[in-house]
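Each chain, written out:
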Amino acid sequence: MECKNFEHLIPDFVGRKMDFRTLKEFCSHMEVCEECKEELVIQFLVTEGMQRLEDGDAFDLQNELQIRLNEAELSLRRHKKWRKLFICLGIMAILAVVGIVLWFVL
Ligand SMILES: [Zn+2]
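Being a predicted model, the structure only gives us computed values, none of them experimental.

Trainee: What's the story with a positive patch on the surface in this structure? I'm lost.
Mentor: A cluster of basic residues, Arg 21, Lys 24, Lys 80, Arg 83 and Lys 84, forms a positive patch at the surface. Within the residue set of the positive patch, elements represented by two or more residues are helix H2 (20-32) and helix H4 (61-105). Among the elements that make up the positive patch, the one with the highest residue count is H4 (3 residues).

Here it is in structure tokens:
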């Protein structure tokens, strides 16, 4: 992912409107690019901060961003685990079909 794309996607991340593939690329870019990470922090603080001021809530945004990032990481990990499970189930289904076919043939 390019820095330009990353910046463009920040509002989607803040609004939790990102699909898994994009989220994965987004997070991997953030890990290697300090500038984009800073940009994300700034945009998050501004966007969420404005909202909170309007709502009049007390806030600890730095902490919330961390929570949001943890959430993203967790959901990515969960997604990966599900995908693995589906691949395993797929392989098992194929083996089952092969087994049934062999059972009929032999
Ligand atoms: Zn970057």
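Trainee: Got a minute to help me understand the coordination of the zinc ion in this structure?
Mentor: Six octahedral donors at a metal ideally form angles of 90 or 180 degrees, and four tetrahedral donors ideally form angles of 109.5 degrees. For the zinc ion, the full set of protein donor atoms is Cys 3 (SG), His 29 (NE2), Cys 33 (SG) and Cys 36 (SG), at a range of 2.0 to 2.3 Å. With 4 donor atoms in place around the zinc ion and angles of 98 to 114° between them, the coordination shape is tetrahedral. Counting along the primary sequence, the residues that act as donors to the zinc ion give the motif C-x25-H-x3-C-x2-C. With Cys 3 in helix H1 (residues 3-14) and Cys 33 in the loop between H2 and helix H3 (34-55), this residue pair connects regions lying 30 residues apart in the sequence. What makes Cys 3 partly exposed here is its relative accessible area of 36%.

Trainee: Could you clarify how one ought to interpret the pattern of salt bridges in this entry?
Mentor: Two side chains of opposite charge can pair, provided their charged atoms sit close to one another. One pass over the structure, following the stated rule, counts 3 salt bridges. Between Arg 16 and Glu 71 there is a salt bridge whose closest N-O contact spans 3.1 Å. A residue pair is termed long-range when its members are at least 10 positions apart, and Arg 16 in the loop between H1 and H2 and Glu 71 in helix H4 qualify at 55 residues. Note on Glu 71: relative accessible area 35%, which makes it partly exposed. Across the pair Arg 68 and Glu 48 runs a salt bridge, and its minimum N-O distance is 3.9 Å. Remark: Glu 48 occurs in helix H3 and Arg 68 occurs in helix H4; sequence separation between them is 20 residues. Residue classification places Arg 68 among the buried positions, given a relative accessible area of 8%.

What counts, and at which threshold
- Starting from 1, residues in each chain are numbered consecutively following that chain's sequence as written.
- Predicted model: local features are reported for residues with pLDDT of at least 70 only, side-chain atom pairs are reported and counted for 80 or more only, and whole-chain, interface and lining totals are derived from all residues.
- Side-chain calculation: all heavy atoms of the structure are included, whereas hydrogens and water are not.
- Each patch is built from residues that are more than 30% exposed by relative accessible area and take part in no salt bridge. Like charges join if they lie within 9 Å; nonpolar side chains (Val, Leu, Ile, Met, Phe, Trp, Tyr) join within 5 Å.
- All accessible-area figures derive from a Shrake-Rupley calculation using a 1.4 Å probe, and residue coverage is judged against the displayed protein chains alone.
- For this document, the term salt bridge refers to a Lys or Arg side-chain nitrogen within 4 Å of an Asp or Glu carboxyl oxygen.
- Neither His nor the chain termini are counted; the positive set is Lys and Arg, and the negative set is Asp and Glu.
- Here the site of a charge means atom NZ of a Lys, CZ of an Arg, CG of an Asp or CD of a Glu.
- The helix count covers DSSP runs of H or I at least four residues long, the strand count covers runs of E at least two residues long, and both are numbered beginning at the N terminus.
- Each metal site lists N, O and S donors within 2.8 Å (3.2 Å for Na, K and Ca). With water left out of the atoms, a site can look as if it is missing ligands.
- Tetrahedral means four donors with every angle between 85 and 135 degrees, whereas square planar (four donors) and octahedral (six donors) require angles over 155 degrees between opposite donors and between 65 and 115 for all others; sites fitting neither are termed irregular.
- Using a 1.4 Å probe on the protein chains alone, a residue whose accessible area is under 20% of its type maximum counts as buried, one over 50% counts as exposed, and one in between counts as partly exposed.

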